[in-house]
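What follows is each chain in one-letter form.
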Amino acid sequence: MLSVKNLMPRTLNQLSKSTTIHAVLLFYTLIALFPIFVVVINAFKSRKAIFNDPLALPTTDTFSLVGFQEVLLRSNFGLYSWNSLVVTLLAVGLVLLLGAMAAWALTEYKFKGNIFIAFLFAMGIMIPIRLGTVSILRLMVELNLANTLTALVLVYIAQGLPLAVYILSEFVRTIPKELTEAARCDGVSEYKIFFCIILPLLRPAMATVAVFTMIPIWNDLWFPLILAPGENTRTITLGVQQFVGQYVTNWNSVLSALTLAIVPVLILYVIFSKQLIRGLTSGAVK
Amino acid sequence: MNSTTKNDAKRPFPWHLIVFLFPALLIYCVFSVYPLIDTLFLSLFDEQQGQAHFVGLNNFITLITDENWSHAFWNALSNNLKFFIIHMLVQNPIGLLLAVLLSNPKLRLSSTYRTLIFMPTMLSVVIIGFVWQLLLSPIWGISEEFLYSIGLGHYFDAWLGKESSALLTLSLISVWQFVGIPMMLIYAALLNIPDDILDAGVVDGANPLQTFLHIKLPLILPTISMVSILTFVANFNAFELIYAVKGALAGPNFSTDLMGTFFYRTFFGFQLQQGSESMGAAVATLMFLIILIGVMLFLFFVQRRIRRFQL
């Protein structure tokens, strides 16, 4: 099919228009990446080179890993990363499983209170769970969960569920009814219908939910600071916050600590960016 | 369920429903709904000498009128409002511009631009805060040197250290980080506009600007209003950036204090002031009301009015 636009001749005017668009986008891309770039390159330089020529790439003369050595020896970066990984994986996994189960129950079955429960979950998308911090801390102390990773996992599940239930419910609605009705006629149990038919179908939507749930959990400072500030339960964000706060004057260590926190996320982002962007632009048909 | 033909009394109890719904509902209610309600309730009490007693709205009256509290409260609220307005005036228009440029169907490399511009949004606010603190530090002089090289050197200042400019600087750092969110959401909305409508506009002789103003803009208004709500909720909930760069005291002289940092200090205390659970709960309740009123206003006045433009 030919649209009207394709019939228009490619003029000089259009060429200059596309050059302008590229110039603007390129300029903004530089603004977006420049600060991260400066920090990462300087983390690999000697102290003198950091101050002498901050914008230069590390050369064989100026290359130095002294900052990384200091960070890794003086703090428990490995432990902090492990804590973040455990908390994030557990929370995201449970948000996906419990969220999918709840979304299925709320969309498939008609029962009293259905709309009320759906509304209750929907409220959680808008109201930040942080506002309940005073009571959450009290509750965790009473349950003997203060300074444990369990406390973080529980709070993050509660935080992630509303959006998960919302996105997965929308997706469950698109699954044709004939599929489940046929299974029921064959006498398949409700559990088997969910775990063997529905759950595999939900996979693409679950990938989107996973990415959206993961980022705020991995990057959170508020709850680690309040619920689990102890040395053994510190997450990477809290660890970096305290380390950098403590060694502000040691530029090598600070830059290396920031790089250690940035680089893994960037690598993950590059791997998952397609999925993430597809999630953000989901519904876009073109 | 196809139960209309069966006798309701004989229908077995729907255990599967409980199994599917209960775990999520339990965790959500215990760790989100209950704490929120309990916090609202707690704000009506005072816990002197370890004993809680009901004081009605006294905590709120103290916050709003008492001279020890009201200055800090109004300061945090007005700073937060400025923080939000800067996001609305800078972040969302830039996001819109980038989205419009990216959605150009003939643009090459658009997915590369998208991926790269969204990168800062992925990183922790804490890390971004430190990165900018280093870049803007007068000791390192990176930004000073950079400004001199483009002829603006004498404009350089310790922006983060001055009362007059610290809040603006932090707002712009936050804008820099989160511009990817409006960009992506508006970009998706622009992609969703059917070709026929745009082609019809071209046939009618509309130039690109007219096409944008009269066809695209009305169609993406719901998305823009959604972006505004998201910005509002996120801004009135902001904490990490200020805490990372300025600490809990939100210096210099509280000029960067937002509701989030004010809440943290009220709850945990700072320097000579003791932390208070009930006052903290009162601050949280006010934040809750502000967010709720903001969301309601958007939904009732903005979302309703633009619904007629939707396809």
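The rules behind these values
- Residues numbered from 1 in each chain as written.
- Chains lettered and ligands numbered in written order.
- Predicted model: local features only at pLDDT ≥ 70, side-chain atom pairs only at ≥ 80, totals over all residues.
- Heavy atoms only, no water.
- Salt bridge = Lys/Arg side-chain N within 4 Å of Asp/Glu carboxyl O.
- Helix = DSSP H or I, 4+ residues; strand = E, 2+ residues; numbered from the N terminus.
- Buried < 20%, exposed > 50% of the residue type's maximum accessible area, 1.4 Å probe, protein only.
- Domains from an automatic or database assignment.
- Contact = heavy atoms within 4.5 Å.
- Buried area = accessible area lost by both parts, 1.4 Å probe.
- Polar contact = N/O pair within 3.5 Å; in protein donor to acceptor, adjacent residues only side chain to side chain.
- UniProt positions renumbered as here; feature names shortened; annotations may be inferred.
- Axes fitted to C-alpha atoms, helices over the stretch in contact; angles between N-to-C directions.
- Parallel < 35°, antiparallel > 145°, perpendicular 65-115°, else oblique.
- Phe/Tyr/Trp six-rings, centres within 6.5 Å; stacked < 30°, edge-to-face > 60°.
- Lys NZ or Arg CZ within 6 Å of the ring centre and 35° of its normal.
- Patch = residues over 30% accessible without salt bridge, like charges linked within 9 Å, V, L, I, M, F, W, Y side chains within 5 Å.
- Areas by Shrake-Rupley, 256 points an atom, 1.4 Å probe, with all protein chains shown as cover.
- Nonpolar A, V, L, I, M, F, W, Y, C, P; charged D, E, K, R; others polar.
- Disulfide = S-S within 2.5 Å.

## Looking at the pattern of salt bridges
Under the counting rule described, the total for this entry stands at 11 salt bridges over all chains. Here A:Asp220 ties to A:Arg130 by a salt bridge, and the two come within 3.4 Å at their closest N and O atoms. Taken together, the residues span a long stretch of sequence, with A:Asp220 in the loop between helix H11 (203-219) and helix H12 (222-227) and A:Arg130 in the loop between helix H6 (114-126) and helix H7 (133-142) at a distance of 90 residues. Overall, the relative accessible area of 12% leaves A:Arg130 in the buried class. A salt bridge links B:Arg265 to B:Asp257; its shortest N-O distance comes to 2.7 Å. Both residues of the pair, B:Arg265 and B:Asp257, belong to the buried class. A cluster of three or more residues bridged by salt bridges with shared partners is formed by A:Glu108, A:Lys177, A:Glu181, A:Arg184 and A:Glu190.

## So, the domain arrangement of chain A
A common measure of how large an interface is: the accessible area buried when the components associate. Residues and elements named next belong to chain A. Examined at the domain level, chain A breaks down into domain 1 (4-52) and domain 2 (70-285). Placing a centre on the C-alpha atoms of domain 1 and another on those of domain 2 gives a separation of 33 Å. Between domain 1 and domain 2, the contact holds 11 residues from the first and 9 residues from the second. Buried surface at the junction of domain 1 and domain 2, summed over both partners, amounts to about 800 Å²; 73% is from carbon and sulfur atoms. It is Val39, Ala43 and Arg47 that lose the most area in domain 1 upon contact with domain 2, and together they represent 47% of the buried surface on that side. There are 0 salt bridges connecting domain 1 and domain 2. If you look at where domain 1 meets domain 2, you find 1 residue pair in polar contact (both at pLDDT 80 or more). Elements represented by at least two residues in the side of domain 1 that touches domain 2 include exactly helix H2 (12-43) and helix H3 (47-52).

## Here's the deal with the UniProt feature "domain: ABC transmembrane type-1" (unreviewed entry) in chain A
As recorded in UniProt, the sites labelled "domain: ABC transmembrane type-1" (unreviewed entry) are residues 81-272 of chain A. The annotated region residues 81-272 of chain A carries 80% helix and 0% strand content, and the separation between its end C-alpha atoms amounts to 19 Å.

## Describing the packing of H7(A) against helix H12 (residues 259-268) of chain B
Interaxial distance between H7(A) and H12(B) falls to 11 Å at its minimum, and their mutual angle equals 40 degrees. When the axis of H7(A) is compared with that of H12(B), the two are oblique. Residues A:Thr133, A:Val134 and A:Leu137 of H7(A) pack against B:Phe263, B:Phe267 and B:Phe268 of H12(B).

## A word on the UniProt feature "transmembrane region" (unreviewed entry) in chain B
All names here are of chain B. According to UniProt, the feature "transmembrane region" (unreviewed entry) maps to residues 12-37, 83-103, 115-135, 166-190, 219-239 and 279-302 in the numbering used here. Between the end C-alpha atoms of residues 115-135 there is a gap of 23 Å, over a span that is 90% helix and 0% strand. Overall, residues 279-302 shows 100% helix and 0% strand. The separation of its end C-alpha atoms is 34 Å.

## Here's the deal with the environment of B:Gln91
Residues and elements named next belong to chain B. If you trace the backbone, Gln91 turns up in helix H3 (residues 67-102). The spacing of Gln91 and Phe178 is 87 residues in sequence and 7.5 Å in space, taken between C-alpha atoms. In contact with Gln91, other than residues within four places in its own chain, are Ile86, Ser174, Val175, Phe178, Val179, Pro182 and Thr231.

## Remarks on the UniProt feature "domain: ABC transmembrane type-1" (unreviewed entry) in chain B
The sites that UniProt annotates as "domain: ABC transmembrane type-1" (unreviewed entry) are residues 77-298 of chain B. Structurally, residues 77-298 of chain B comprises 72% helix and 2% strand, and the distance from its first C-alpha atom to its last is 19 Å.

## A look at the UniProt feature "transmembrane region" (unreviewed entry) in chain A
Residues and elements named next belong to chain A. UniProt marks residues 21-44, 82-104, 116-137, 149-172, 193-218 and 253-272 with the feature "transmembrane region" (unreviewed entry), using the numbering shown here. The distance from the first to the last C-alpha atom of residues 116-137 is 27 Å, and the span holds 73% helix and 0% strand. Helix makes up 96% of residues 193-218 and strand makes up 0%, while its end C-alpha atoms are separated by 33 Å.

## Some remarks on the packing of aromatic side chains
Counted according to the given criterion, the structure contains 35 aromatic pairs over all chains. Measuring from centroid to centroid gives 5.5 Å for A:Trp222 and B:Phe263, while their planes differ by 25 degrees, and the two rings are stacked. Pair noted here: A:Trp222 is in helix H12 and B:Phe263 is in helix H12, and the two residues belong to different chains. Judged by its relative accessible area of 1%, A:Trp222 is buried. Measuring from centroid to centroid gives 6.4 Å for B:Phe254 and B:Phe270, while their planes differ by 80 degrees, and the two rings are edge-to-face. Within this pair, whereas B:Phe254 is found in the loop between helix H11 (240-246) and H12, its partner B:Phe270 is found in strand E3 (residues 269-270), the two being separated by 16 residues in sequence. An aromatic cluster of three or more residues is present, and its members are A:Trp222, B:Phe239, B:Tyr243, B:Phe263, B:Tyr264, B:Phe267 and B:Phe268. Residue placement shows A:Arg74 over the ring face of A:Tyr247; its charged tip is 3.9 Å from the ring centre. One cation-aromatic arrangement involves B:Arg265 over B:Phe270; the distance from NZ or CZ to the ring centre is 5.2 Å.

## Points about a nonpolar patch on the surface
A cluster of nonpolar residues, A:Leu90, A:Leu94, A:Leu97, A:Tyr191, A:Phe195, B:Phe13, B:Trp15, B:Ile18, B:Val19, B:Phe22 and B:Leu26, forms a patch on the protein surface that exposes about 1,000 Å² of accessible area. Of all the secondary-structure elements, those providing two or more residues to the nonpolar patch are helix H5 (77-108) and helix H10 (190-201) of chain A together with helix H1 (15-42) of chain B. Considering every element that reaches the nonpolar patch, the biggest residue donor is H1(B), with 5 residues. Within the secondary structure layout, B:Phe13 lies in the segment before H1. Owing to a relative accessible area of 51%, B:Phe13 belongs among the exposed residues under this scheme.

## Regarding the interface of chain B and chain A
Contacts between the two partners involve 89 residues from chain B and, on the opposite side, 95 residues from chain A. Across the chain B to chain A interface the summed buried area is about 9,000 Å²; carbon plus sulfur atoms make up 78%. When the buried area of chain B at its contact with chain A is split by residue, B:Phe20, B:Phe31 and B:Trp140 rank highest and sum to 10% of it. One can count 2 salt bridges joining chain B with chain A. Put simply, B:Glu277 and A:Arg138 hold a salt bridge, and the shortest N to O gap is 2.6 Å. At the boundary of chain B and chain A, one finds 17 residue pairs in polar contact (both at pLDDT 80 or more). For the side of chain B that touches chain A, a count of residues per class yields 69 nonpolar, 12 polar and 8 charged.

## Some remarks on the side chain of B:Thr169
For B:Thr169, the location among the structural elements is in helix H7 (residues 166-178). In this structure B:Thr169 touches B:Leu136, B:Trp159 and B:Leu160, once residues within four positions along its chain are discounted.

## Describing the state of the cysteines
In total, this model carries 0 disulfides over all chains according to the counting rule given. No disulfide involves A:Cys185; its sulfur sits 18 Å from that of A:Cys196, the nearest cysteine.

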